[in-house]
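# Overview (structure and organization)
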Amino acid sequence: MDKLYFLTAGVPLKAGNKGYKKGFEIHDEMGLDGLELEFVHGVRISEQSRDDVKNSGKIITAHAPFYVNLNAREEEKVEASVQRIIETAMTTAELGGYSITYHAGFYLGQDAETVYQKIYEQTKIITSELNKVRNKIWIRPETTGKSTQWGDLDEIIRLSKEFETVLPCVDFSHIHARYNGFWNTYDEFALIFEKIGKELGQNALDNFHAHIAGIDYGAKGEKKHLNLQDSDMNYKDLLKAFKAFNIKGVIICESPNIEDDAKLMKDFYLSI
């Protein structure tokens, strides 16, 4: 990537039910850079929407369906999860997308190393299949917001070292919630960037994929997303750290008011 881009998690709310074309017009009006396709219940997109996305000239990422658990007890659920990730990646690559992300799995009471090995084996299947596709795309397990979910930053960095096309999706709000209010200062944000740069190299900092939103949390982690100004998410110091480390890639806003907070962040970032 050549710079940092600011995206919405889905079509801007102001587009109503008028679809991607109207959503991209709102992006243009607001000075935003693209969106993350939200494949919540399945990898489904109409031919008209495919054309609108492919011809938009915007930065496109995607979130795989939430019915993903690479550590499910039932083998058929694991296989279905693998296929959902592959379908997300292939569809997004066909549309000229940059990157996809997903919640990789749950611990289900198992020790972390056992779960890591299971997710590693499934990731090997996913990347092997996607290596056959002409249009390469980044595959990104996302840092998760609850301690019951696999995917702290160390686990995802470790997995990223194993595969050429795997890098983290760093959800800063999830990290903040997972640790019940920590990881919310400039120095802590800097530590995250330093760790990723040291462990995965400059390429990971030049091809970043981040999620940011306000977040409500408790002792068990994430509860729900909030608008930035209704939360304690220290987005200003976070963006200062993005600037100081010259991070390139995408920030996807997942606040309930997706386009307004995306613009709030971009305007502040450009003012630094």
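Quick caveat, the model's predicted, so the values are computed rather than measured.

A count of helices and strands for the chain gives ten helices and twelve strands. Relative to the compact-globule value of 19 Å for 272 residues, the chain shows a C-alpha radius of gyration of 17 Å, a close match. Seen along its three principal axes, the alpha-carbon backbone of the chain occupies a region of about 45 × 45 × 35 Å. The centroid of the 33 positive side-chain charges in the chain is displaced by 2 Å from the centroid of its 42 negative side-chain charges.

With that settled, the discussion passes to unusual backbone geometry. For Leu108, which is not a glycine, the phi torsion comes out positive at approximately 55°. Its location among the elements puts Leu108 in the loop between strand E5 (105-106) and helix H4 (112-130). Of note in this structure, Asn246 is not a glycine but carries a positive phi near 50°. Here Asn246 lies in the loop between helix H9 (235-244) and strand E12 (249-253).

On to the packing of aromatic side chains. Per the counting criterion, the structure on display carries twelve aromatic pairs. An angle of 85° between the planes, with centres 5.8 Å apart, marks the rings of Phe208 and Phe242 as edge-to-face. Of this pair, Phe208 sits in strand E9 (residues 208-212) while Phe242 is found in helix H9, placing the two residues 34 residues apart along the sequence. Both residues of the pair, Phe208 and Phe242, belong to the buried class. Lying across the ring of Tyr116, Arg158 places its NZ or CZ 3.7 Å from the centre. Across the ring face of Tyr269, the terminal group of Lys243 is positioned such that the distance to the ring centre comes to 4.2 Å.

To continue, consider H9. The set of residues buried in H9 consists of Tyr235, Leu238, Leu239, Ala241 and Phe242. All buried residues of H9 project into a common sector of 155° when viewed along the axis, lining one side. Here the buried face of H9 lies against strand E1 (4-9), helix H6 (172-178), helix H7 (186-200), E9, E12 and helix H10 (258-271). At the C-terminal side of H9, Asn246 shows a positive phi close to 50°.

With parallel pairing, eight strands are arranged side by side in an open sheet as E6-E4-E3-E2-E1-E12-E9-E8. Whereas interior strands pair on both sides, the edge strands pair on one side only; in this sheet they are strand E6 (138-141) and strand E8 (170-171).

Mapped onto the elements, Ala9 comes out in strand E1. On the basis of relative accessibility, which here comes to 17%, the residue Ala9 falls in the buried class. Separated by 42 residues in sequence, Ala9 and Asp51 place their C-alpha atoms 19 Å apart.

Let us now look at the packing of helix H3 (residues 75-94) against H4. Between H3 and H4, whose axes approach to 10 Å, the crossing angle comes to 40°. Classified by the interaxial angle, the pair formed by H3 and H4 is oblique. Read as a crossing pair, H3 and H4 show a hand that is right-handed. Judged by residue contacts, Val78, Val82, Ile85, Ile86, Ala89 and Met90 of H3 engage Lys118, Gln122, Ile125, Ile126, Glu129 and Leu130 from H4. Tallied by class, the residues present in the contact of H3 with H4 amount to nine nonpolar, one polar and two charged.

Okay, the pairing of E6 next. Covered by surrounding structure in E6 are Trp138 and Arg140 together with Ile139 and Pro141, the residues of both alternating faces. In this structure, strand E4 (residues 99-102) lies alongside E6, joined through four bridges in parallel fashion. In the sheet register, Ile100 faces E6, and the bridge partner there is Ile139.

Of all five residues making up strand E10 (residues 214-218), four are buried, and the element is well covered by its neighbours. For E10 and strand E11 (residues 221-226), the ladder comprises five bridges, and the chain directions are antiparallel. Directly across from Gly218, in E11, lies its bridge partner Gly221.

Rules used in this analysis
- Residues numbered from 1 in each chain as written.
- Predicted model: local features only at pLDDT ≥ 70, side-chain atom pairs only at ≥ 80, totals over all residues.
- Heavy atoms only, no water.
- Helix = DSSP H or I, 4+ residues; strand = E, 2+ residues; numbered from the N terminus.
- Rg over C-alpha atoms; globule rule 2.2 N^0.38 Å.
- Lys, Arg positive; Asp, Glu negative; His and termini not counted.
- Charge placed at Lys NZ, Arg CZ, Asp CG, Glu CD.
- Phe/Tyr/Trp six-rings, centres within 6.5 Å; stacked < 30°, edge-to-face > 60°.
- Buried < 20%, exposed > 50% of the residue type's maximum accessible area, 1.4 Å probe, protein only.
- Lys NZ or Arg CZ within 6 Å of the ring centre and 35° of its normal.
- Arc of directions from axis to C-beta.
- Contact = heavy atoms within 4.5 Å.
- Pairing = 2+ DSSP bridges.
- Axes fitted to C-alpha atoms, helices over the stretch in contact; angles between N-to-C directions.
- Parallel < 35°, antiparallel > 145°, perpendicular 65-115°, else oblique.
- Left-handed = near helix turned anticlockwise from the far one by under 90°.
- Nonpolar A, V, L, I, M, F, W, Y, C, P; charged D, E, K, R; others polar.

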